[in-house]
Amino acid sequence: MVFTPPTNFALFKQRRKQLVESLRNQNKDQHNIIMLIADFETDRHIFRQESSFYYLTGITEPAVILCIFPNGREILYIPQFGTKRSTWTPTMVESLNDASKVGVDEIRFLGEKTAGYSYSSVFTKEKYVHLIHDLANALQTHETTQVATLRDQSHGGLLWHIDLYNHFIAELPALAHQTIDCSTLIYEMRRIKDDYETDLIYKAVQITSMAHKTAATLIEPGTHEYEILAAVECVFTQVAAATPAFPSIIASGQNTTIIHYTQRNRQIKDDDLVVVDIGAEYGMYSADLTRTYPVSKQFTPRQREIYQKVLDTQLYIESLAKPGMFLKNARYPEKSLHHLAVTAFERQGLAQYFCHGLGHYLGLDVHDVGDLQQPLQPGEIFTLEPGVYIPAENIGIRIEDNYIMADDGIVCLSYELPKHPDEIENMMNLQESNNASPE
Ligand code: GLY
Ligand code: MN
């Protein structure tokens, strides 16, 4: 199941139309230019598009900018390279000679020809002179014209974006007071997944489940964490040419109590637990599944006791999760799944050992955009991942599944991956029974 990039850009165009309408509904007298800025290559070999740009365009090329002008005209601005880019790297840019193929009205160069085949956000006016010229004209047309772009300061990934835009402001001072941040509107849209997105996340979940089943059969005393890591990522590659959506967490013994442990160099010992927190990225969408395995293929009584409490908490929260509840909202603790999980752990005497959020939205980003304090709605996809970490006992246990919200409750997308303690032990013993020679 290798992902085929979309060739029909109508879906992305439709999303842009929705964004234009949402902006218009905010202020009908305003004339909006929406400016969508692609990410830049920070590495010469691998490029991953900024998630909101991808969501609204489907375009995987760095350094391009899409402007939607107040008359509805969509112009894609592309770099003008001095050297043939396709000699060096896979690229869409040289095939961007037919605007209709990517669902826009026109394609223009951002600015003058530059040296080389790559492009960074380090600003030189010549690189962007045509874009700035068009913007200046459009801003003059109506006094009420403003530029809507991503000015989200809440996560560091968009710093380059803000920096580049500040250079545009330096060249075109009117922009300073004619710019609005449209990140909230885009994030609201991204929270609800359509069928295309749900299908991709479900495939990412299936690939990740396969990797878990492989990991479960390889965990043995004497194995190193990195050997499990290699097996997991081999499955991602082998079954779907998928990549890890985040650095895989393979944590054994004391390391199970470090939530984002990524050294993976310890040798696994008898009676250890191993936390495997992994996720494949498929077609730009992520899964994020955690299971905790007993190395001796059987939980000790204490490990099983804690494991069962973590599982009971997750199942309890699953039964409560409905539209209108919150993932995490301190103002309404009785409707906040996170706070309800804390209360459940309190009853079990474990609240002090649960030290992270209960869950997060899942999508183009592993910790996807969306305000946790807004009520849950049908179509949202998220994780529930209670955990208990007791360093003094070398016990770290986390169970994480992925869910979609339906009209009356949640559907678990990762239902095929066992999580009850007996099932976990059976899954680990599968390899041994498969290998056993017939009597
Ligand atoms: N899977 C890692 C995390 O959710 O932070
Ligand atoms: Mn997670």
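Residues numbered from 1 in each chain as written. Chains lettered and ligands numbered in written order. Predicted model: local features only at pLDDT ≥ 70, side-chain atom pairs only at ≥ 80, totals over all residues. Heavy atoms only, no water.

Looking at the overall build of the protein chain
Piece 1. What the protein chain contains, in helices and strands, is ten helices and 17 strands.
Piece 2. Scaling as 2.2 N^0.38, a compact globule of 439 residues should have a C-alpha radius of gyration of about 22 Å, and the protein chain matches this with 25 Å.
Piece 3. Its C-alpha atoms put the protein chain at 80 × 50 × 35 Å along the principal axes.
Piece 4. The buried share among the 439 residues of the protein chain stands at 54%.
Piece 5. Of the contacts made within the protein chain by residues no fewer than 6 positions apart, 68% connect residues no fewer than 24 positions apart.
Piece 6. Put simply, the protein chain shows about 19,100 Å² of open surface, and 52% of that area lies on carbon and sulfur atoms.
Piece 7. Placing the 37 positive and 56 negative side-chain charges of the protein chain at their respective mean positions leaves the two points 4 Å apart. (Helix = DSSP H or I, 4+ residues; strand = E, 2+ residues; numbered from the N terminus. Rg over C-alpha atoms; globule rule 2.2 N^0.38 Å. Buried < 20%, exposed > 50% of the residue type's maximum accessible area, 1.4 Å probe, protein only. Contact = heavy atoms within 4.5 Å. Areas by Shrake-Rupley, 256 points an atom, 1.4 Å probe, with all protein chains shown as cover. Lys, Arg positive; Asp, Glu negative; His and termini not counted. Charge placed at Lys NZ, Arg CZ, Asp CG, Glu CD.)

Description of the pairing of strand β2 (residues 65-68)
Piece 1. Burial along β2 is two-sided: I65 and C67 facing one way and L66 and I68 facing the other are all buried.
Piece 2. By the bridge criterion, four bridges tie strand β1 (residues 31-37) to β2 in an arrangement that is antiparallel. In the sheet register, M35 faces β2, and the bridge partner there is C67.
Piece 3. Between β2 and strand β3 (residues 74-78), which pair antiparallel one after the other, the connecting turn spans five residues, and G72 there sits at a positive phi close to 95°. (Pairing = 2+ DSSP bridges.)

Quick notes on the coordination of the manganese ion (ligand 2)
Piece 1. Protein coordination of the manganese ion (ligand 2) is provided by D288 (OD), H360 (NE2), E385 (OE) and E400 (OE), with donor distances spanning 2.1 to 2.3 Å.
Piece 2. Positions of the donor residues of the manganese ion (ligand 2) along the chain correspond to the pattern D-x71-H-x24-E-x14-E. Taken together, the positions of E385 in the loop between β13 (381-384) and β14 (387-390) and E400 in the loop between β15 (395-398) and β16 (401-405) put the pair 15 residues apart, joining distant regions of the chain. (Donors = N, O, S within 2.8 Å, 3.2 Å for Na, K, Ca; no water.)

Topic: the sheet that holds strand β9 (residues 273-278)
As a general point, the strands of a sheet are linked pairwise by backbone hydrogen bonds and lie either parallel or antiparallel.
Piece 1. If you walk across this open sheet you meet the three strands as β8-β9-β12, and the pairing is antiparallel. Since the sheet does not close on itself, it has two edges, and those belong to β8 (249-252) and β12 (289-294), each with one partner. Neighbour-to-neighbour, the strand axes of this sheet turn through a mean angle of 10°, independent of strand direction.
Piece 2. Taken together, the six bridges between β9 and β12 define a ladder with antiparallel strand orientation. Each bridged residue has a counterpart across the sheet, and for V274 the counterpart in β12 is Y293.
Piece 3. Contacting β9 and β12, helix α6 (residues 195-218) crosses the sheet at an angle of about 10° to β12.
Piece 4. Running at roughly 155° to β8, helix α7 (residues 225-240) makes contact with β8 and β9 of the sheet. (Axes fitted to C-alpha atoms, helices over the stretch in contact; angles between N-to-C directions.)

Some words on the packing of α6 against α7
Piece 1. The N-to-C vectors of α6 and α7 enclose an angle of 145°; their axes lie 9 Å apart at closest approach. The handedness of the crossing between α6 and α7 is right-handed. Two secondary-structure elements touch here, α6 through I207, T208, M210, A211, T214, A215 and L218 and α7 through I228, A231, V232, V235, F236, V239 and A240. (Left-handed = near helix turned anticlockwise from the far one by under 90°.)

A short note on the environment of D365
Piece 1. Here D365 lies in the loop between α9 (337-347) and β13.
Piece 2. As for D365 and E50, which are separated by 315 residues in sequence, their C-alpha atoms are 9.5 Å apart.
Piece 3. Those residues in contact with D365 that lie beyond four places of it in its chain are R48, S51, R190 and S286.
Piece 4. Within the local environment of D365, its side chain forms a polar contact with the side chain of S51, the two groups lying 2.7 Å apart. (Polar contact = N/O pair within 3.5 Å; in protein donor to acceptor, adjacent residues only side chain to side chain.)

As for the pattern of salt bridges
Piece 1. In total, this model carries 28 salt bridges according to the counting rule given.
Piece 2. For the salt bridge of E74 with K13, the shortest nitrogen-to-oxygen distance reads 2.9 Å. With E74 in strand β3 and K13 in helix α1 (residues 10-26), this residue pair connects regions lying 61 residues apart in the sequence.
Piece 3. Owing to a relative accessible area of 33%, K13 belongs among the partly exposed residues under this scheme. (Salt bridge = Lys/Arg side-chain N within 4 Å of Asp/Glu carboxyl O.)

Points about the site of ligand 1
Piece 1. Every residue close to ligand 1 is listed here: F246, H260, D277, D288, H360, H367 and E385.
Piece 2. Side-chain polar atom of H260 to an oxygen atom of ligand 1: 2.7 Å apart, as the coordinates give it.
Piece 3. The side chain of D277 places a nitrogen or oxygen atom 2.9 Å from a nitrogen atom of ligand 1.
Piece 4. Against a free-state accessible area of 200 Å², the protein chains account for coverage of 90% of ligand 1. (Near = heavy atom within 4 Å.)

Structural notes on the packing of aromatic side chains
Piece 1. Inspection of every chain in the model, using the stated rule, returns 15 aromatic pairs.
Piece 2. Through a chain of ring-to-ring contacts, the aromatic side chains of F81, Y119, F123, Y128, Y165 and F168 assemble into a single cluster.
Piece 3. Residue placement shows K127 over the ring face of Y119; its charged tip is 4.5 Å from the ring centre. (Phe/Tyr/Trp six-rings, centres within 6.5 Å; stacked < 30°, edge-to-face > 60°. Lys NZ or Arg CZ within 6 Å of the ring centre and 35° of its normal.)

Comments concerning the nonpolar core
Piece 1. Counting 133 residues, the largest nonpolar core has I65, L76, Y128, F168 and L337 as its most contacted members.
Piece 2. Among the elements that take part in this core, α6 stands out by supplying eight residues, more than any other.
Piece 3. The contact partners of Y128, leaving out residues within four places of it in the chain, are F40, I65, L110, G111, Y119, S120, S121, F123, L164 and F168. (Core = buried A, V, L, I, M, F, W, Y, C linked by side-chain atoms within 4.5 Å.)

Focus: the packing of helix α8 (residues 301-320) against α9
Piece 1. One can describe the packing of α8 onto α9 by two numbers: an axis separation of 10 Å at closest approach and a directional angle of 140°. You can see that α8 and α9 cross each other, and the crossing is right-handed. Contacts between α8 and α9 involve K309, V310, T313, Y316, I317 and L320 from the former and L337, L340, A341, A344, F345 and R347 from the latter.
Piece 2. Class assignment for the residues of the contact of α8 with α9 results in nine nonpolar, one polar and two charged. (Nonpolar A, V, L, I, M, F, W, Y, C, P; charged D, E, K, R; others polar.)

Let's talk about the side chain of E106
Piece 1. Topologically, E106 is positioned in strand β4 (residues 106-109).
Piece 2. A distance of 2.9 Å separates a polar atom in the side chain of E106 from a polar atom in the side chain of R73.
Piece 3. Of note is the side chain of E106, whose polar atom sits 2.6 Å from the side chain of R108.
Piece 4. Residues in contact with E106, not counting those within four places in the same chain, are R73, E74, I75, L76 and A99.

Looking at helix α5 (residues 183-191)
Residues that lie three or four places apart on an α-helix share one face, since the helix turns once every 3.6 residues.
Piece 1. Among the nine residues of α5, seven are classified as buried, and the element is accordingly described as predominantly covered.
Piece 2. Among the residues making up α5, those that are buried are S183, L185, I186, Y187, M189, R190 and R191.
Piece 3. In this structure, the buried side of α5 is in contact with α1, α2 (51-57), β5 (145-149), β6 (179-181) and β13.

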